[in-house]
Every structure is written in C-alpha cells, then in structure tokens.
Amino acid sequence: MSPEAPSPRILVIGTGDTKCDELQFMASVISEAGGRPVMMDVSILSDPPYNPDYSKHDIAEAAGTTIAAIAESGDENSAMAAMAKGASVLTLRLYEDGLIDGIIVLGGSMGTDLALDVAAILPLGVPKFVVSTIAYSHLIPPERIAPDLMMILWAGGLYGLNSICRSVLSQACGAVVGAAKHGTKPDRERPLVGMTSLGSSCLKYMKYLRPELEKRGYDVAVFHSTGMGGRAYEAIAAKGDFAAVFDFCIQEVSNHHYSSVVTSGPDRLENAGRAGIPQIVAPGAVDMVDLQAWQDLPTIFADRPYHAHNRLIGSVTTSPEGRREVARLIGRKLQRAEAKVAFLLPTEGLQEWDKPDEPLHDPEGLDAFIDEMRRAVPPSVALHEVDAHINAPAFSAAALAIFDRWVAEGVIPEGRP
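Worth saying up front: this structure is predicted, and the values here are computed from it rather than measured. (Residues numbered from 1 in each chain as written. Predicted model: local features only at pLDDT ≥ 70, side-chain atom pairs only at ≥ 80, totals over all residues. Heavy atoms only, no water.)

## Observations regarding the overall build of the protein chain
Counting secondary structure elements, the protein chain contains 13 helices and 14 strands. For the protein chain, the C-alpha radius of gyration of 24 Å lies close to 22 Å, the compact-globule estimate for 417 residues. For the protein chain, the C-alpha atoms occupy an extent of roughly 70 × 50 × 40 Å along the three principal directions. Scored against the burial criterion, the 417 residues of the protein chain give a buried share of 54%. Sequence separation of 24 or more characterises 73% of the internal contacts of the protein chain that already satisfy a separation of 6 or more. Total accessible area on the protein chain is roughly 17,700 Å²; 52% of this is exposed by carbon and sulfur atoms. (Helix = DSSP H or I, 4+ residues; strand = E, 2+ residues; numbered from the N terminus. Rg over C-alpha atoms; globule rule 2.2 N^0.38 Å. Buried < 20%, exposed > 50% of the residue type's maximum accessible area, 1.4 Å probe, protein only. Contact = heavy atoms within 4.5 Å. Areas by Shrake-Rupley, 256 points an atom, 1.4 Å probe, with all protein chains shown as cover.)

## Concerning the UniProt feature "domain: UPF0261" (unreviewed entry) in the protein chain
Using the residue numbers shown here, the UniProt feature "domain: UPF0261" (unreviewed entry) corresponds to residues 8-182 and 190-406. Spanning residues 8-182, this segment combines 45% helix with 15% strand, and its end C-alpha atoms are found 10 Å apart. What you have in residues 190-406 is 35% helix and 22% strand, and the ends, taken at the C-alpha atoms, are 17 Å apart. (UniProt positions renumbered as here; feature names shortened; annotations may be inferred.)

## Details of the sheet that holds strand β12 (residues 313-317)
Spatially, the three strands line up as an open sheet ordered β10-β12-β11, and their pairing is antiparallel. Strand pairing shows two members of the sheet lacking a second neighbour, β10 (288-292) and β11 (306-308), which therefore form its edges. The average undirected angle you get between the axes of adjacent strands in this sheet is 25°. Inspection of the sheet shows β10 paired to β12 by five bridges, in the antiparallel sense. Its bridge partner lying in β12, L291 is registered against G314. (Pairing = 2+ DSSP bridges. Axes fitted to C-alpha atoms, helices over the stretch in contact; angles between N-to-C directions.)

## Examining unusual backbone geometry
The phi angle at L269 is positive, at roughly 75°, despite the residue not being glycine. Looking at the secondary structure, you find L269 in the loop between α9 (251-257) and α10 (271-274).

## Remarks on the confidence of the model for the protein chain
Residues shown with low pLDDT carry predicted positions that ought not to be read at fine detail. Summing up the model confidence of the protein chain, the mean pLDDT is 94 and the portion of residues at 70 or higher is 99%. Across residues 1-5, confidence stays below pLDDT 50; counting only partners more than four residues off in sequence or on other chains, it has 11 contacts. (pLDDT = per-residue confidence, 0-100.)

## What about the side chain of S396?
Within the secondary structure layout, S396 lies in helix α13 (residues 393-408). For S396, a relative accessible area of 3% puts it in the buried group. Excluding residues that lie within four positions of it along the chain, S396 makes contacts with Y205, Y208 and L209.

## A word on helix α5 (residues 109-121)
Its 13 residues place the ends of α5 19 Å apart at the C-alpha level, agreeing with the 18 Å of an ideal helix rising 1.5 Å per residue. Residues of α5 that are buried include every one of G111, T112, L114, A115, L116, V118 and A119, and no others. Where the residues of α5 are buried, they touch β1 (9-14), α4 (76-96), β3 (102-107), β4 (128-132) and β5 (150-153). (Expected span 1.5 Å × (residues − 1).)

## Points about the packing of aromatic side chains
Tallying each qualifying case throughout the model produces 10 aromatic pairs. Ring centres of Y233 and F242 lie 5.5 Å apart, and the angle between their planes is 25°; on these two criteria the pair is classed as stacked. Comparing Y233 with F242 shows no difference in burial state: the two are buried. Arranged with centres 5.2 Å apart and planes meeting at 65°, the rings of F248 and F395 form a pair that is edge-to-face. With F248 in strand β8 (residues 244-249) and F395 in helix α13, this pair connects stretches of sequence that are 147 residues apart. A single burial state applies to F248 and to F395, both of which are buried. The rings of Y205, Y218, F246, F248, F395 and F403 are connected pair by pair, giving a single aromatic cluster. (Phe/Tyr/Trp six-rings, centres within 6.5 Å; stacked < 30°, edge-to-face > 60°.)

## Quick look at the pattern of salt bridges
If you walk through the whole model with that rule in mind, you get 29 salt bridges. The closest approach of N and O atoms between E372 and R324, which form a salt bridge, is 2.8 Å. Here E372, found in helix α12 (residues 363-376), pairs with R324, found in helix α11 (residues 320-335); they are 48 residues apart in sequence, far enough to count as distant. Its salt-bridge partner being E385, residue R374 comes within 2.7 Å of it at the nearest N-O pair. Of the two residues, R374 is situated in helix α12 and E385 in strand β14 (residues 382-386); the sequence distance between them amounts to 11 residues. Under the relative-accessibility criterion, E385 is labelled partly exposed at 37%. (Salt bridge = Lys/Arg side-chain N within 4 Å of Asp/Glu carboxyl O.)

## Thoughts on the nonpolar core
Here is a general trend for soluble globular proteins: nonpolar side chains tend to be buried in one another's company. Counting 37 residues, the largest nonpolar core has L11, I13, M40, V42, M83, L114 and L149 as its most contacted members. Elements with a contribution of two residues or more to this core: β1, β2 (36-41), α2 (56-62), α3 (67-71), α4, β3 and α5. A total of eight residues in this core trace back to one element, the largest contributor, which is α4. Beyond its immediate sequence surroundings of up to four residues, L11 is in contact with V38, M40, T91, L94, I100, G102, I103 and I104. W353, A388, A399 and I412 belong to the second largest nonpolar core, which has 34 residues in total. (Core = buried A, V, L, I, M, F, W, Y, C linked by side-chain atoms within 4.5 Å.)

## So, the packing of helix α1 (residues 20-32) against helix α6 (residues 163-182)
At a minimum axis separation of 9 Å, α1 and α6 run at an interaxial angle of 45°. In terms of axis orientation, α1 runs oblique to α6. Once α1 is placed against α6, the crossing between them reads as right-handed. Between α1 and α6, the residues in contact are E22, F25, M26, V29 and I30 and C165, R166, L169, S170, C173 and V177, respectively. Here the contact of α1 with α6 is composed, by residue class, of eight nonpolar, one polar and two charged. (Parallel < 35°, antiparallel > 145°, perpendicular 65-115°, else oblique. Left-handed = near helix turned anticlockwise from the far one by under 90°. Nonpolar A, V, L, I, M, F, W, Y, C, P; charged D, E, K, R; others polar.)

Structure below.
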C-alpha cells in the first residue's frame, strides 16, 4: 500500500450498466473493510445509474478512440478488446501515479477476458482479484494469467444479487483489501535468480544450488513446473526481472507439444531469452509428459511406462522418436535467445525415476534424446555434456561453475550479501 494512503484504494472494474447492484455492493464491502473503492466502468452501450470515477469515455480515450467508434464496430469481440486495451492503459497509469493500491474485476467470460489483460499489465505484488463465472476454467489460456492473480468463482450471481452471490463478492472484496493492507511486495535488494524444478522426489538440484546462490548474495525463486508454475516463471522473465535463470525443468515444453493440460503455454523457454536474460538450461524431466491421474491414458501413451505421482497427476514417458521431436523443438526455442545461453546435457538420466529399477527407466529413449540434442543445440548456445544424472552433485557443480564464470565475466551482476 502507498505510504501516504490512509486506506488502500481498490480499483473496482465492471460493466455498470448490467452489474450495477453487484458493483455497488462490492464498493460498500470494500469501504466497510477499510478500503476506498475507485469505480471504473467498462460498459459500452449504456450508462450505469451511478457516476463512476472513470467512465467508459475515459476508457475509450485511453485506447486512442471514442466510445461511439467502439460501439459502432458491430462486433462484440473487437469492442471488448478495445475496452480491455483502454482499461489496461488507464489502470497502469493510475498505479504508476500512486492512485490505486489493488484491483478487483467482476465479469462473465467477456469481463474475464478484459480482466486478464488488466491484471497482466500490473507489476508482481499489486493485489489482483478476479470474480469470474469461468474461474479456473480450461477456457483461460495459462499464458494470459498474471503470476499473482487471485480468482474466485462467481457462483450463482450472473444476474442479480442473492445470498450466494453476496457471500462470494464479500469474500473477494475482503481478500483484495486485506492483500493491499498487509501484502509485502517483492524487494530488489539482491539480484533475483529464477529456477525451475519439480518436487524433490523427481528433481533435487535446487537443494544444493539454492543455498550456494544465497551465500553468493542472490535471491532465489524456485518455480514448480506443473503448468502454472512455469507460467509464473515466464511472466516474470518477460518483464526482465531475473538477473539470470537456471531453467532446469523444461518438461512443460514436452507437455505442450503433446497437448497436455499441464501446460505453461506455447512460449515456454522463450521469454528469458527474448528479454536478454542469461540462461543456464537443462532438460530436466523433458522425457515425461504429465497428465491427469484421474483420467484414462490417451491412446498415444497407452503402452508407455506410467508413474502415478498422486491422485491428481501422473507421468508417462515419451517414445524415442517423440524425444527427438522435443529435442528439435528445444533447439529452435534456444536459437531465439538474445543473451548468453549454456545448455547442460546430463547423460545418465533426466529425472529420478529414470534410473535402473525405477518405473520410468528407458536407456533407449535417453540415448535417442541425447543424440538428437547434440545436433539440435544451435551454434549460439554453449553445449556442456555432464557425465552424470541430473540429480547427482556433479551436475549441480557444473551448473554453478558456469554461473560463477559468468559473474566473473560481468555477464551476470554480482550478488549483494
């Protein structure tokens, strides 16, 4: 919360012409919780029966057009896209001017579409809450979800207030006010290193690397690469907030290639390179595809080795030819990087279950991947083969040696103990 603000100012966004009662109820809850509601109307055709702090005309102007031009487009999709652009521009301006401390957006699928753009434009640490009829739905692409977005299902409230709707809206408003009052924003006292992994039953290198990096004066954020964790990593990388990355679990590349729902989107393994962030990359768990454990295996994987991690998620290994496809895809993604990249290739296994007597051990598949990866790594990327399993101390030591050398060369900024 801004230090000069006596109470957090919460931007309340919605279509006041159709959701007036709900939005005004939200404003009252925010006030009762100790916040100050700031109303933004994103209606297009009609006006709300109250005077918003920021009207549809302000939104259209921020989008570089007029509300009349938006309304006359005749296409509800393009009209709402224009309003999303204007709302995003105006919201960022309000935040940068110190006029708001958090946002909450109410909507169905149209309002949620707009809300995702508005939330994504704000920095990490600004409270963002979306009350949506499609919360957590597979309709929402993971690449559009801000890394710190909070959502709640707008249950039973599509048309008019009722006891269920009031309960949901009051929880959401209380949550965003509380987050704005008590949330701690990320500091930048020490350079931030991003790292990707799975749980330590599968990948273990972070247990060695994190304390070593912290001793060198770096803040280390480890992202769980089960779809949304990788999405958060990519979103932060896209903003250039990492000093360097250890992107050692790129399984989500395989997941997306095989159309698994455990995806981070099509741009996984691309944003750090696009932002000019030095990358040390390894193919941790890329030989697996994660699937819902509560569904039948797709036909393509019916005869492949399978490991049920829990009742939610299970992993199946890909074929040797499938691993070659993924290796080529990784190479194409690395080729786009605009900063230094090192690729570590552990030759004795890519995850804990790929060992003798483990359920996903597949020497033929590993050999195929290594063979193809040697060819796929572009000339712009330094290939380092490590004759060890990815979970062996030798692998982590090799990664840290590259990191230390890059710090000494000025590629990565020095840490601040």
